[in-house]
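Results of the structural survey
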Amino acid sequence: MTGAKRKKKSVLCSKMHVPHCEDFKQWCRRRLPILQWAPHYNLKENLLPDTVSGIMLAVQQVTQGLAFAILSSVHPVFGLYGSLFPVIIYAIFGMGRHVATGTFALTSLISANAVERLLPSSSKNLTTQSNTSMLGLSDFEMQRIGIAAAISFLGGMIQVAIFVLQLGSATFLLTEPVISAMTTGAATHVVTSQVKYLLGMKMPYISGPLGFFYIYAYVFENIKSVQLEALLLSFLSIVVLVLVKELNEKFKRKIKVVLPVDLILIIAASFACYCTNMENTYGLEVVGHIPKGIPPPKAPSMNVLSAIITEAFGVALVGYVASLALAQGSAKKFKYSVDDNQEFLAHGLSNVISSFFFCIPSAAAMGRTTSLYSTGAKTQVACLISCIFILTVIYAIGPFLYWLPMCVLASIIVVGLKGMLIQFWDLKKYWNVDKINWGIWVSTYLFTICFAANVGLLYGVLCTIAIVIGRFPRTKSLSMKNMKEMEFKVKTEVDVESLQLVKIISINNPLVFLNTKKFRTDLMNIIQKENASNQPTDDISKYEQNTLLCSLSNDNCNEFSQPCPNGKCSLILDCTGLNFFDYSGISMLVEVYMDCRSRSMDVSLAHCTASLIKAMKYCGNLDSEKPIFFDSVSAAISNIHSNKNLSKLNDESEV
């Protein structure tokens, strides 16, 4: 009896143990995305493009690392470390396969505020060497990076805490106009911070509310102190960079390898500065001494954590918002999904772990991510390959960057922000789609340049929520349809066979940023359900009109990959209840339309307002040959029937 009990107990234990093991494996695959794509990596197809992209990315990482470190008010070498360690960590935990993380202009600006406040600039030069500290740098420089690393640490801990609390779903509050305006305003701040290098001026550190305007006021007051040599070199550098990058973009399909103009400019400018001794002859400011190697890890300055809480929250939120927008953009472009909460964990660990290696706060950058697109990168292997070349710079090439003029480095940074600055053109589409979104964009941008990126982001979110709350109570209730009358019209006008491939879905709520993801999820679920249960029937009443109850939640989008059975399907969206919309809603509606079209499903929209038709035509490349907007559902069904008869006649004529 005892043996039987033991046997039964061992069987139960074994049964309980197996699910725990499987759950752990699933947890590892979910929290370590590298385990999902790395085992299936195709060396023959992906290694070459990833290597080319990695080399090009390394050039950008080095130049931006040096510049953003100076922007963060720390020694340039710490920017090289910030281009190495966060990249490795994000490649392990991040889900964006084409996201290039590393040093970031916006987080560097926020970090500089705390560094300059707690440890103001002194008469010591950044390039002054001292043997009293590691890397041959002075104690002053090590104290400054200690503050910047502490901001990275605390900001990362905030991101990890948000992941633990599963608050990533709240990112639906970050609408596209708000993100676009905030990043554009922050890019304007970065350009302004580089003005002193472009003009070769000596300028004190200026920050705080309206600091943007005080900087330009100082420039105009001291316009006579502009260094003509620096101004000329900056102008030539910007012209060369813009011209070559435009040519690369124009002929990228004809040329296999993009010309690395950033690298060529760095080498040419450094060599010219060395040969002509511009530093001493013209007083041209250069990068200066870059120490070799990586120091042993050290904990950041924990005693300043209470004094940098504001900057840490700014780094955590602004860096994450910009990075998530790029991750979602790459996922949409290359057809894969991104988990908002997992991205919080990836960027949080990137900041926390890197802070022990003297790194400034990190995030993904638009210029580097766009570079991965244009050079044909396939996976995060491209970013890991770039780390190999960055290590080469740290251990071998770094000292040769001593002669790189700061005005050339500033020119590279300004041109690299082109992707953010051209978002000014978004104003035109917002004006044509939803003028309220246009107003949100403009006001968020003004708040960002007048105060800071985190203030602009907070204002944009609060403004968007307030406007939606004000608009929802004014929505009209959905009028009920007379289904008997509709069935009678359908039966007399259309044969049963064609109706078997028609799905009618009614949109019963406004379509705004709050419910766009849920709208897409519900729509795809309905289509999948209908496709799975699609069986012949003789009664039109079997075709129910599905209602989308768009709740204010944020679910992941479910793709449908199988085409409609039994031939080509037709989808009719009844927009009677779509009382108002914003740009996010129209973008999602156009995306759903294009997605259905790519899967051989005809889409028609009934009961559309004039403003909805205008917005959709402006936002999307809709099919101009076939009508897609109709006054009623019956008219849409009649059009489907006519097209079917026409296709039959064409088939018979061909036979």
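Residues numbered from 1 in each chain as written. Predicted model: local features only at pLDDT ≥ 70, side-chain atom pairs only at ≥ 80, totals over all residues. Heavy atoms only, no water.

1. Side note on the nonpolar core
The nonpolar side chains of soluble globular proteins are, as a tendency, buried together. As a reminder, the rule being used: By convention a nonpolar core is built from buried Ala, Val, Leu, Ile, Met, Phe, Trp, Tyr and Cys residues, the set being connected through side-chain atoms within 4.5 Å. Each residue is placed in one exposure class: buried if its accessible area under a 1.4 Å probe, protein chains only, is under 20% of its type's maximum, exposed if it is over 50%, and partly exposed if it falls in between. Per the convention used, a helix needs a DSSP run of H or I reaching at least four residues, while a strand needs a run of E reaching at least two, with both numbered from the N terminus. By definition in these notes, contact holds between two residues if any of their heavy atoms fall within 4.5 Å.
Formed by 122 residues in total, the largest nonpolar core has its most connected members in Leu66, Phe78, Tyr81, Leu106, Ile145 and Ile308. Counting residues per element, this core draws most heavily on helix H7 (residues 139–164), at 13 residues. In this view, leucine 106 contacts Met182, Ala186, Val318 and Met420; residues no more than four positions away in its chain are not counted. Core analysis: the next-biggest nonpolar cluster, separate from the first, contains 40 residues, Ile507, Leu571, Leu573 and Leu612 among them.

2. Focus on the side chain of aspartate 426
You can see aspartate 426 is positioned in helix H20 (residues 426–433). In contact with aspartate 426, not counting residues within four places along its chain, are Ser180 and Trp441.

3. Some words on a nonpolar patch on the surface
Cut-off, in case you're wondering: Two joining distances apply to patches: 9 Å for like charges and 5 Å for nonpolar side chains (Val, Leu, Ile, Met, Phe, Trp, Tyr), and every residue must have over 30% relative accessible area and no salt bridge. Surface accessibility in these figures is a Shrake-Rupley result with a 1.4 Å probe; residues are shielded only by whichever protein chains are displayed. A pairing counts as a salt bridge when a side-chain nitrogen of Lys or Arg comes within 4 Å of a carboxyl oxygen of Asp or Glu.
Together, Leu232, Phe235, Leu236 and Val239 line one region of the surface with nonpolar side chains, adding up to about 390 Å² of accessible area. Structurally, the position occupied by leucine 236 is in helix H11 (residues 228–250).

4. Some points on the pairing of strand S6 (residues 601–606)
Using the following cut-off: DSSP bridges decide pairing: two strands pair if at least two such bridges lie between them. The definition of a right-handed crossover adopted here requires that, viewed with the strands pointing away, the path from the first strand over the helix to the second runs clockwise.
Taken across its 6 residues, S6 has 6 buried, putting it largely inside the fold. Along S6, one buried face is formed by Met601, Val603 and Leu605 and the opposite face, lined by Asp602, Ser604 and Ala606, is buried too. Inspection of the sheet shows strand S5 (residues 569–574) paired to S6 by 6 bridges, in the parallel sense. Paired with serine 570 across the strands is aspartate 602, a residue of S6. Each parallel crossover has a hand, and the one from S5 via helix H26 (residues 583–598) to S6 is right-handed. Taken together, the 2 bridges between S6 and strand S7 (residues 629–630) define a ladder with parallel strand orientation. Along S7, the bridge assignment pairs alanine 606 with phenylalanine 630.

5. Points about the packing of aromatic side chains
The geometry of two aromatic rings is summed up by the distance between their centres and the angle between their planes. The line we're drawing: Only the six-membered ring of Trp is used, alongside the rings of Phe and Tyr, when aromatic pairs are assigned; centres must lie within 6.5 Å, and planes under 30 degrees apart are stacked while those over 60 apart are edge-to-face, with the rest tilted. A positively charged side chain is recorded as over a ring if its NZ (Lys) or CZ (Arg) lies within 6 Å of the ring centre. The angle to the ring normal must also be within 35 degrees.
In this structure the tally under the stated criterion is 17 aromatic pairs. When the ring of phenylalanine 85 is compared with that of phenylalanine 357, the centres are 4.3 Å apart and the planes differ by 20 degrees; the resulting orientation is stacked. Of this pair, phenylalanine 85 sits in helix H5 (residues 85–93) while phenylalanine 357 is found in the loop between helix H15 (340–354) and strand S2 (362–364), placing the two residues 272 residues apart along the sequence. For phenylalanine 357, a relative accessible area of 22% translates into the label partly exposed. Ring centres of tyrosine 402 and tryptophan 403 lie 5.1 Å apart, and the angle between their planes is 70 degrees; this geometry places the pair in the edge-to-face category. On the basis of relative accessible area, tyrosine 402 is assigned to the partly exposed category, the value being 25%. Through successive ring pairs, a cluster of aromatic residues spans Phe78, Tyr81 and Phe358. For the cation-ring pair, lysine 333 lies above phenylalanine 334, with the distance from its terminal atom to the ring centre recorded as 5.9 Å. It is lysine 435 that lies over the ring of tryptophan 431; its NZ or CZ is 4.8 Å from the centre.

Shape descriptors only; they carry no functional weight alone.
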